[in-house]
Amino acid sequence: METFVKTLQPAEIKSRRLCIPMDARTLFPSEGGRLNVKDATTGREYETIMGSQYRLLIGDWYDERPGIRAGDTITFRKNNGIMMVSLQPVRKVVQANKSAADKLPAIKKKVIDL
């Protein structure tokens, strides 16, 4: 099984084309070549075309993922001649605000003097 993992860049999302680096080009067809990829999550197949300068055109796949954003990771796995594609979204850690218990000592102690 061969694997190619890439962090998506803003320009790749805007153009709906994925830049394939030199070291991963053996997994993909030459310029002008077609490649069917299968979504690892949905099982749906997409026809892609390798454009000039090794830009993989996968517009339909992008169109079905409106929440895709820069920093998300795309993974291609080739196993027994089948190219699978999957997306791992960026996970942001959200800092929680201080709770009311942190702000009010009486509540924190769960004892209220009346």
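Residues numbered from 1 in each chain as written. Predicted model: local features only at pLDDT ≥ 70, side-chain atom pairs only at ≥ 80, totals over all residues. Heavy atoms only, no water.

Draft legend 1. Spotlight on the sheet that holds strand 1 (residues 2-7). Spatially, 1-6-7-3-4-5-2 is the arrangement adopted by the seven strands of the open sheet, whose pairing is mixed. Both edges of this open sheet fall to strand 1 and strand 2 (17-19), since each of them pairs with a single strand only. Strand after strand, the sheet turns through a mean of 30° between neighbouring axes, direction not considered. Sheet analysis places strand 4 (residues 45-50) next to strand 5 (residues 55-57), joined by two bridges and oriented antiparallel. For Ile49, the partnering residue across the bridge sits in strand 5 and is Leu57. (Pairing = 2+ DSSP bridges. Helix = DSSP H or I, 4+ residues; strand = E, 2+ residues; numbered from the N terminus. Axes fitted to C-alpha atoms, helices over the stretch in contact; angles between N-to-C directions.)

Draft legend 2. Broad picture of the environment of Gln53. By the secondary structure assignment, Gln53 is in the loop between strand 4 and strand 5. A C-alpha to C-alpha distance of 9.8 Å links Gln53 and Ser30, two positions 23 residues apart in sequence. Setting aside residues up to four positions removed in sequence, Gln53 forms contacts with Arg25 and Glu31. (Contact = heavy atoms within 4.5 Å.)

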